[in-house]
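Structural description and commentary
Read off the chains here:
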Amino acid sequence: MSERHGAGAPPGTAHGAQGNVTAYGNGASAGRTTAEAAGRPADARTLIALATGILVARGHGGPAEAARHLERLAETARLPLLELAADIVHGAAADTAADLLPHAGRGEQPRPSETSGETSGETSGEIPGPLPGPLPTPLPGPVGTAPPTPVRRLRTAEAGALVSDAQSAAESMLTHALAPLGAAAVAVWAACPGGALTLAGHAGFSDREAGQWHYVPPGVGTLAQQALAENRFLWRPAPPPDVPGIGRGDGTDGARAAVPAATGGRVIGAMEVCWQDPLPRPGGPTQRQLRALGELCAHTLGAPGPSGPAEKETGSPGAAGTEPATAGTKAGAVRPDPAESFADALRDPAMVLRPLQDPEGNLTDFRITYVNDHFADPVGRPRSAVLGGRLLETYPPAAGDQGPGAGHGERGGHGGHAGPGEGLFEHARRVHATGDPFRAADMVLPAPPGRTGPPPVASVGMAGLGDSVLVTWSAQDETTRLSALLQHAQRLGRIGGFEENTGTGEVVWNSQMYALFGLPPTAAPVPLERLHHYVHPDDVVAVGRFVRALLHHRRPASLGLRLQRADAVIRHIRIVAEPVTDATGTLIAVRGACQDVSEQHWTEVALAATRDQLADSEERAAERNRLALQLQQAIMPPATAPIDAFGLRIAVRYRPAEEEHLVGGDWYDAVALPAKRVLLVVGDIAGHGIDAATGMVVLRNALRGLAVTGAGPAELLGWLNAVTHHLTDNVTATVVCGMYDPVSRELRWARAGHPPPVLFRAGSPTTLPLPQGILLGAVPSARYEEHRIVLDPGDRLLMYTDGLVERRGVFDESSLRQLLQAAGPPLPDLDDHLDRLLAMSRSDTDDDTCLIGIQVP
């Protein structure tokens, strides 16, 4: 704000009179004889001195006469002297401060500058000589009783900032400009490199609070640091609880605003204003007033750098006075620039940028004012074509996401990659505004015309020197890129390289070797003769053989060892090395590589342990399967001779599962009971393996014992269900049980979730009706339904398990019908009939199968 004032007002007026404050101030003070004038604060005296200087510049005599004239004007207008001085300065300034103030009719009394006569000239920036007419109409009330107006408050605060240090400026701004807005405190921050802040001035905070916040390190994230980083006005209705800030303990924990303090396009600090209570975001006039006060803070914190103010943007290079006179290395330079000296001292290409601003002081571009002798344009143009040009015109891709600015970068001197949207101009603008250096490791440069393949890549650095920006880059050629690629490969593969000169004893390591050994980069490399001090004791002998093979036998060698690092970490390392000899065969060096194979080693160890466990588990499972198979075959051989019981012919077949681990619990039984009846049973235990086989033995023997009681099939299944539920370990089973009386040829039968028997009568198969019955072991107690059928001579009955017809978990009557149709009419011989049924079975579950055929004589 202050710099634009000086540019817009004639010499000797407003801020243009700042340099005359001392000369006129002494005379004006000498001309005032009242105690009121002598006792005014410094900012008020400065404002009166500025008004006196304006009157002198407009022809009202010397300083003493102008001071007396100012007093007479105040008495005539019945205004306080300070109020009239603020009006005169405000009218002569011809700046944008009037936009920040309320207009007449909105609670402010009309000033003489708003009426006719002498003060009407002040509004236009002209102070007349002698008063041309009658004096303005006096304001009612005694002289000096009018309350301070916004004009007086703003101009008084401005005057205090112009000639005071940051501390006095903060006190003046709080008293005259911020307190009327309801603010309780203000802090003026000076920016430091890296994003740190120092408290240059404050008002409204306790000394203890200010002492605790005299320095804010980078990365704290205060509101002022955010405003500096984003370079914009920030407002918080209430401070977030996770954002630290000054004044949180002084009762100023309400709304707060942060305004960047910029001068000449450079952000050199920030102003932070605090209120006691939460407030909504203010309107435009209040924001503009806060921004204007931020510009005053920038004037207080300091002027531009030693190389002078930045040149103003006026349209063409010639108009700006920067068109180069010749195609040399300087563009219109008239005095030495420190940035040029730095550029000449560098061995990399370098150029110096100077900022260009519009009439409002906004940074619009940079001028390339200097290039050193090593400068080489990436596009192939001569230096004379680049020198003196604008940055955005010379390197158009720099404004977008291509060319020199493409990529991510890091500020504060740290390396990085320049990213999309962060063009060369944006980086230069940020460096100029903040003073923080910038460096990018692999920034993409514009490709020369006609070039094929990937665009050139360079390491780019920027630094602010005074008001200039120094830009350097180091292009990466094929050798550099291959070296970088090798380093990345070594890092990803955890491979380190070494070379030991056997003549001088010098050992050279790359950076990855230090990481493998857990040593700092400043540590001395470990020679081969001392390698045994860093390995596991069990590997010392092997290391000795490895070293002798290299140094004495002069032949390549490799070794796997356990490296004991200083941080107590043990790493598994693979070393490969070879001797280097001269033309005479003399050993001159040893070169080698080390690779960290710890992850591979532990993976192999885990795999070996897993293989051992798997082999052991497979062996135990095979043994259990063999035991189950032997148990099953001992009880139920695959085929037995036909059984004749009371004239009833019985044939059985058992087909075990093809895989041993699928040995199931299917069983059959046909036994003549003491009551001259025949027990016929087919059952299927759920599951496979030894548990299914032992469960089958339990149920088979239990049913045999229960059948001796003479009970019928339904009652037997009820008892067998109780045995299954209470006396076995989670066993369930399906069973069909029949009791045949040879005298009456009556078959009584019941089922527990099992497929029904098939009756062949007169050559036609029929499925018997299904009696109700739940599978065994599902519930503690169950009742089963019993059916009866009288068999005729020549009838054939078939009882089976689901392995005969089941297909991948699906069993229905259609599968059984398809089997019976495929098998055709029953063969005369019962054994042949059963063999054909097994042969024609299309079951694909690889489950075991039981089959009983009964032929009635």
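Numbering of residues begins from 1 in every chain and follows the order in which that chain's sequence is written. Owing to the predicted nature of the model, reporting of local features is limited to residues with pLDDT of at least 70; listing and counting of side-chain atom pairs is limited to 80 or more, with chain, interface and lining totals taken over all residues. To obtain the side-chain values, all non-hydrogen atoms of the structure were included, while hydrogens and water were left out.

**A few points about the pattern of salt bridges**
Within this document, salt bridges are pairs made up of a side-chain nitrogen of Lys or Arg and a carboxyl oxygen of Asp or Glu, the two lying within 4 Å of each other. This structure, assessed with the given rule, holds 23 salt bridges. Arg 700 is the partner of Asp 669 in a salt bridge, and the nearest nitrogen-oxygen pair spans 3.6 Å. Here Asp 669 is found in strand β21 (residues 664–672), whereas its partner Arg 700 is found in helix α21 (residues 690–707), with 31 residues between them in sequence. For the pair Asp 669 and Arg 700, one class covers both residues: buried. The salt bridge involving Glu 746 is made with Arg 788; its shortest N-O contact spans 3.2 Å. Of this pair, Glu 746 sits in strand β24 (residues 746–752) while Arg 788 sits in strand β27 (residues 786–790); the two residues are 42 residues apart in sequence, bridging distant segments of the chain. Through salt bridges with shared partners, one network takes in Arg 649, Arg 653, Asp 831 and Asp 835. In DSSP terms, a helix is any run of H or I states spanning at least four residues, a strand is any run of E spanning at least two, and both are numbered starting from the N terminus. Buried means the residue's accessible area, taken with a 1.4 Å probe over protein chains only, is under 20% of the maximum for its type, while exposed means over 50%, and partly exposed covers the values in between.

**Brief notes about helix α13 (residues 338–345)**
All buried positions along α13 are accounted for by Ala 339, Glu 340 and Ala 343. Burial along α13 is one-sided: seen end-on, the buried residues are contained in an arc of 100 degrees. Residues count as neighbours in contact if any of their non-hydrogen atoms are within 4.5 Å of one another. In the core, the buried residues of α13 are packed alongside β8 (350–357), β9 (363–371), β12 (457–465) and β13 (468–475). Throughout, the arc means the angular range of directions from the helix axis out to the C-beta atoms.

**Side note on the sheet that holds strand β3 (residues 215–216)**
The pairing of strands in a sheet comes from backbone hydrogen bonds and takes either a parallel or an antiparallel form. Only when DSSP finds a minimum of two bridges between them are two strands counted as paired. The strand order across the open sheet built from 6 strands is β3-β2-β1-β6-β5-β4, with neighbouring strands paired in antiparallel fashion. Whereas interior strands pair on both sides, the edge strands pair on one side only; in this sheet they are β3 and β4 (234–236). Inspection of the sheet shows strand β2 (residues 197–203) paired to β3 by 2 bridges, in the antiparallel sense. Paired with Thr 198 across the bridge in β3 is Tyr 215.

**Some details on the pairing of strand β16 (residues 557–564)**
Residues Ala 557, Leu 559, Leu 561 and Leu 563 of β16 are buried on one face, while the alternating residues Ser 558, Gly 560, Arg 562 and Gln 564, pointing to the opposite face, are not. Two successive antiparallel strands, β16 and strand β17 (residues 570–581), enclose a turn made up of 5 residues, where Ala 568 displays a positive phi of approximately 70 degrees.

**Regarding the pairing of strand β22 (residues 678–688)**
By the criterion of burial, β22 is predominantly enclosed, with 8 of the 11 residues buried. Pairing geometry for β22 and strand β23 (residues 733–741), over 8 bridges, is antiparallel. Looking at β23, one finds that Gly 683 is bridged to Val 735.

**Some words on the packing of helix α9 (residues 166–178) against helix α12 (residues 284–301)**
As a rule, the C-alpha atoms of each element are fitted with a line to give its axis, helices using only the stretch in contact, and angles between N-to-C directions run from 0 to 180 degrees. Two elements in contact, α9 and α12, have axes separated by 10 Å at closest approach and are oriented at 160 degrees. In terms of axis orientation, α9 runs roughly antiparallel to α12. Along this stretch, α9 crosses α12, giving a crossing that reads as right-handed. Contacts between α9 and α12 involve Ala 166, Ala 169, Met 173, Ala 177 and Leu 178 from the first element and Gln 289, Leu 290, Leu 293, Cys 297, Thr 300 and Leu 301 from the second. An angle below 35 degrees is read as roughly parallel, one above 145 as roughly antiparallel, one from 65 to 115 as roughly perpendicular, and any other as oblique. Should the near helix be turned anticlockwise from the far one by less than a right angle, the crossing is termed left-handed; should it be turned clockwise, right-handed.

**Quick notes on the sheet that holds strand β26 (residues 764–767)**
With antiparallel pairing, 6 strands are arranged side by side in an open sheet as β19-β20-β29-β28-β25-β26. Each edge of the sheet is formed by a strand with only one pairing partner; in this case those strands are β19 (643–645) and β26. Here the average twist between neighbouring strands, direction ignored, is 20 degrees. As judged from the 3 bridges shared by strand β25 (residues 758–761) and strand β28 (residues 796–800), these two strands associate in the antiparallel manner. Looking across to β28, one finds that Val 758 is bridged to Leu 798.

**A look at the packing of α21 against helix α22 (residues 713–727)**
Relative to each other, α21 and α22 sit at 140 degrees, their axes nearing to 10 Å. The angle between α21 and α22 falls in the class oblique. In terms of crossing hand, the pair formed by α21 and α22 is right-handed. Together, Leu 699, Ala 702, Leu 703, Leu 706 and Ala 707 of α21 and Leu 716, Trp 719, Leu 720, Val 723 and Thr 724 of α22 make up the contact between the two elements. Here the residues of the contact of α21 with α22 are counted per class, giving 9 nonpolar, 1 polar and no charged. Put simply, Ala, Val, Leu, Ile, Met, Phe, Trp, Tyr, Cys and Pro go in the nonpolar bin, Asp, Glu, Lys and Arg in the charged bin, and everything else, Gly too, in the polar bin.

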